[in-house]
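Here are the chains, one letter per residue:
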Amino acid sequence: MARPVVIVGCGGFGREVRDVIDACIANGEDWYFRGYVDDDPSSANLAAVERSQDEILGGVDWLENAPKDTHVFIGIGTGSVKARIDATLIRLGLSEGVLVHPTATLGRDVTIAGGSVVCAGVRMTTNIHLGRHVHVNLNTTIGHDVEIADHVSINPLVAISGNVRIGERSMIGTHAAILQGLDVGPDSIVGGSALVVRNVEESSTVKGVPAR
Ligand SMILES: CC(C)(COP(=O)(O)OP(=O)(O)OC[C@H]1O[C@@H](n2cnc3c(N)ncnc32)[C@H](O)[C@@H]1OP(=O)(O)O)[C@@H](O)C(=O)NCCC(=O)NCCS
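Residues numbered from 1 in each chain as written. Predicted model: local features only at pLDDT ≥ 70, side-chain atom pairs only at ≥ 80, totals over all residues. Heavy atoms only, no water.

A.B. asks: Just give me the short version of the site of the ligand, but keep the residues and values in it.
C.D. replies: Every residue near the ligand is listed here: N155, P156, M171, G173, T174, I189, G191, G192 and K207. At 2.8 Å, a side-chain N or O of N155 approaches an oxygen atom of the ligand. Between an oxygen atom of the ligand and a main-chain N or O atom of G192, the distance comes to 2.8 Å. In isolation the ligand exposes 910 Å². Once the protein is present, 34% of that is buried. Looking at the shell around the ligand, its residues break down into three nonpolar, five polar and one charged. (Near = heavy atom within 4 Å. Polar contact = N/O pair within 3.5 Å; in protein donor to acceptor, adjacent residues only side chain to side chain. Areas by Shrake-Rupley, 256 points an atom, 1.4 Å probe, with all protein chains shown as cover. Nonpolar A, V, L, I, M, F, W, Y, C, P; charged D, E, K, R; others polar.)

The following block contains the structure:
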């Protein structure tokens, strides 16, 4: 029987996760999309959901009575929000899965924890671990021996070199590059197109080339 799946949030990334599900189904995976839950969908997002002939099942509290075989993905990029929703998902004991777009390539020894989404065109080589509800967006590359903690979001076209560690809830902006062996502390933000050449301290924002 196909695995039912629900996305939290019908905003831009939530609807992109829906596309990943479509691609996985077309590739033979046994998902069945139930719909979105969203506490406050905008009229533009509602219209987009309607055009796609999908459904909004209710607010996030819909999950309280969801069947336990419901697999939930979080379509929201903010790490602290993902962590909060994930705590609810764990409390409810809902099912967990991972979504990897069929055009992504993964090498040996890659492990991906529950709720994570790997988008189209991502390249991941070897000995890489993604924590819970990590988002790796379009065409990002992740080199060898990389550790990405829970609830991190990596935006499109990022280049993460070997032996990098990214702490919980951090966000890596589009087109950033992180040089080898560096640590990005938890709750940090790396700006779009930044070149990270030194460790990034916890709860800090860096931007520019080199990133400061
Ligand atoms: C860096 C970022 C997090 C914002 O940081 P911020 O400190 O709040 O930045 P502000 O918008 O207040 O801008 C402050 C200054 O930084 C500059 N700035 C903003 N983003 C920058 C970036 N990525 N690189 C270089 N400079 C940047 C602004 O031009 C502004 O400069 P000024 O003071 O000379 O006018 C954000 O701009 C960013 O890059 N986010 C990534 C978003 C992303 O990846 N989007 C794709 C989604 S799929």
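A.B. asks: Tell me about the pairing of strand 2 (residues 31–37), residues and numbers included.
C.D. replies: Along strand 2, five of the seven residues are buried, which leaves the element largely enclosed by surrounding structure. Pairing geometry for strand 1 (residues 3–8) and strand 2, over six bridges, is parallel. Bridge pairing in strand 2 links R3 to W31. Where strand 2 meets strand 3 (residues 56–58), two bridges bridge the pair, whose relative direction is parallel. Bridge assignment links V37 to a residue of strand 3, and that residue is G58. (Buried < 20%, exposed > 50% of the residue type's maximum accessible area, 1.4 Å probe, protein only. Helix = DSSP H or I, 4+ residues; strand = E, 2+ residues; numbered from the N terminus. Pairing = 2+ DSSP bridges.)

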